[in-house]
Each structure stands twice: as structure tokens, then as C-alpha cells.
Amino acid sequence: NVVSMAADRKNNVWLLSYKGMYKISPDGTLGMVKAMDSFFKQIKSFPTDIKTDQDDRVWMITTFGSLCEYDPVKETFSYYDTPEKDKTEAYGNNLNFDKSGNIWLGTSNGLKYFDRQKKSFLLFPQTYKNQLKNAFINQICVDSFGTVWIGTLSEGIIRYEEKTILQSYTYQKDDKKSFTPGWANNIIETTGGNILVSTVGQARNSGLNLLVILLFP
């Protein structure tokens, strides 16, 4: 089973599965990254999501919320372990890059942030603790404006912009224009800069939601 996949700028596709990591080259050749198996046996964890950065390096988040960086040229792994007190095992952990190349990590125990220059994990500002404390985060999307969209299990969609407050979008029974019920499992930016969100878990009542982003001069 394919857990996650990502494409780099060289048109390689990286597949993360329960049997390991695979690379599909532009010519269609499928190859297994054998070094991954021995590496993850050493750290006793398993990757749950995969992304590529601007340098075509492959990044993975593990079941304990730690980060792994794979260099395809050198065929080497670098491991960044999350603080012991923040470790909670989950197979839905996910990650994404912001416009500065730093990494946002969604876990079953809240939101994390990884500063790539300092090579360290940072706590999310305490100002926003009430909305994100122990939130189960299903998906993170960073749009072209640098806005971070956070899909959660029970707190709806949370919108984060630097130097502003968090804004949450949730299901409201008496508001037909509110989000569909369920938890947000996919977030993408459309070509017009709007945000498309899908929810699941409430049978026919779940569905697709479109957030229209208005820009003012």
C-alpha cells in the first residue's frame, strides 16, 4: 500500500509504502531505496508522510513526529529527533514546507515547527495554545501567499498567517454556508488562490468546501 508520494523538480516520483521507499524515474524505471529499511530499523520508527524540497531532497515525518532527510545524490539519511516529551505515536503525521523552506508538522498531539537553519523543533506560540493544544492534525497546506492552512480532527480548518491571529472554520448546524461536518483530510490551493477542503466521517453530510480568499489593496 502507498502511504504517501511526492514529486521533485527533476520529475522523479517518490513513493512511501509499508514495504519501503521507491523512486520512479522520468523514464518510468521503478527502484527501491534499500538504505531506508536499515535506517528506520535503527531508529525504531516508521515514516508516515513524504515531501521534497527545492534542492530535491526527500523529507519524511515519522510515527513519533521526528524528521528524516534523505539526500538522493549521496544516498544518506539525516535524522532530527523530536523532544521526548512531545513524542506520541501516530500513523497520520504529516508535513509541509512554508515559503522560507521551514517545515510545519501535523501530529496527533498538535502542531510542530522545524527551523532548518537551527536544525531544531520549535514550540508553536503560546498565544494560540487554546486552539491547537493536543489537536489531531490531519493535513497542512501552505498556499502561494504564505498562509498555513491546518486541517484538524475536531477543531475544523485553522488558518494561520504570520503576525495575525488564528482563524477557525467549523461546521455550524444552523448556518448553511458553514463547513460540512466531519474532519478535514485534504487541503489544496486552486489556480485562483482559493482553498478547496474535503471533509470525511459524516457519511453523506461530509463533502467539499471552497474558501474564497479576498485580497484588498
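Residues numbered from 1 in each chain as written. Predicted model: local features only at pLDDT ≥ 70, side-chain atom pairs only at ≥ 80, totals over all residues. Heavy atoms only, no water.

Some thoughts on the overall build of the chain
Then, number 1: Scanning the chain from N- to C-terminus turns up two helices and 19 strands.
Then, number 2: Expressed as a percentage of the 217 residues in the chain, the buried residues total 47%.
Then, number 3: When contacts within the chain are restricted to residue pairs at least 6 apart in sequence, those whose partners lie at least 24 apart make up 40%.
Then, number 4: Surface exposure of the chain reaches about 12,500 Å², of which carbon and sulfur atoms provide 50%. (Helix = DSSP H or I, 4+ residues; strand = E, 2+ residues; numbered from the N terminus. Buried < 20%, exposed > 50% of the residue type's maximum accessible area, 1.4 Å probe, protein only. Contact = heavy atoms within 4.5 Å. Areas by Shrake-Rupley, 256 points an atom, 1.4 Å probe, with all protein chains shown as cover.)

Focus on the sheet that holds strand β19 (residues 208–211)
Hydrogen bonding along the main chain pairs the strands of a sheet, whether they run parallel or antiparallel.
Then, number 1: Strand order across the open sheet formed by three strands is β17-β18-β19, with antiparallel pairing between neighbours. Strands at the two margins of the open sheet, each flanked by one partner only, are β17 (183–189) and β19. Between one strand and the next, the sheet's axes are offset by a mean angle of 25 degrees, whatever the strand orientation.
Then, number 2: Relative to β19, strand β18 (residues 195–200) runs antiparallel, the two being bridged by four bridges. Within the sheet, the bridge partner assigned to Leu 196 lies in β19 and is Leu 210. (Pairing = 2+ DSSP bridges. Axes fitted to C-alpha atoms, helices over the stretch in contact; angles between N-to-C directions.)

Things to note about the confidence of the model for the chain
Then, number 1: Within the chain, residue pLDDT values average 83, and 89% of them lie at 70 or more.
Then, number 2: Confidence, expressed as mean pLDDT per element, reaches its minimum in the chain at helix α2 (residues 129–132) with 59 and its maximum at strand β6 (residues 58–62) with 94. (pLDDT = per-residue confidence, 0-100.)

Overview of the pattern of salt bridges
Then, number 1: Tallied over the entire structure, the rule returns five salt bridges.
Then, number 2: Across the pair Arg 116 and Asp 53 runs a salt bridge, and its minimum N-O distance is 3.0 Å. Of this pair, Arg 116 sits in the loop between β11 (110–115) and β12 (120–123) while Asp 53 sits in the loop between β5 (47–52) and β6, and the two are 63 residues apart along the sequence.
Then, number 3: Ionic pairing is found between Glu 69 and Arg 57, a salt bridge with its closest N-O pair at 2.9 Å. One end of the pair, Glu 69, is in strand β7 (residues 67–71); the other, Arg 57, is in the loop between β5 and β6, with twelve residues separating them in the sequence.
Then, number 4: Taking relative accessible area as the criterion, Glu 69 reaches 5% and is therefore assigned buried.
Then, number 5: Among the ionic contacts, a cluster of salt bridges with common partners joins Arg 57, Glu 69 and Asp 71. (Salt bridge = Lys/Arg side-chain N within 4 Å of Asp/Glu carboxyl O.)

Points about the sheet that holds strand β2 (residues 13–17)
Then, number 1: Taken together, the four strands give an open sheet; going across it, the order is β1-β2-β3-β4, and neighbouring strands pair in antiparallel fashion. On the outer flanks of this sheet lie β1 (2–7) and β4 (30–32), each paired with one strand and no other. Geometrically, the sheet is characterised by an average inter-axis angle of 20 degrees between neighbouring strands, direction not taken into account.

Details of helix α1 (residues 35–43)
Then, number 1: Within α1, the full set of buried residues consists of Met 36, Phe 39 and Phe 40. Relative to the axis of α1, the buried residues are bounded by an arc of 90 degrees and lie together on one face. Among the exposed residues of α1, those pointing more than 90 degrees away from its buried face are Lys 41 and Gln 42.
Then, number 2: On its buried face, α1 is in contact with β2, β3 (20–24), β5, β6, β7 and β8 (76–80). (Arc of directions from axis to C-beta.)

Some remarks on the packing of aromatic side chains
Think of a pair of aromatic rings as described by two things: how far the centres are apart, and how the planes are tilted against each other in angle.
Then, number 1: Under the definition given, this model contains eight aromatic pairs.
Then, number 2: Each ring, one from Trp 59 and one from Tyr 80, has its centre 5.9 Å from the other, and the planes form 15 degrees; the classification is stacked. Note that Trp 59 is positioned in strand β6 and Tyr 80 in strand β8, a separation of 21 residues in sequence. Tyr 80 shares its class with Trp 59; the two are buried.
Then, number 3: Considering the side-chain rings of Trp 104 and Tyr 113, the 5.0 Å spacing of their centres and the 70 degrees angle between planes classify their relative orientation as edge-to-face. Each member of the pair, Trp 104 together with Tyr 113, is buried.
Then, number 4: Within the aromatic cluster, the residues linked to one another by ring pairs are Trp 59, Tyr 80, Phe 114 and Phe 121. (Phe/Tyr/Trp six-rings, centres within 6.5 Å; stacked < 30°, edge-to-face > 60°.)

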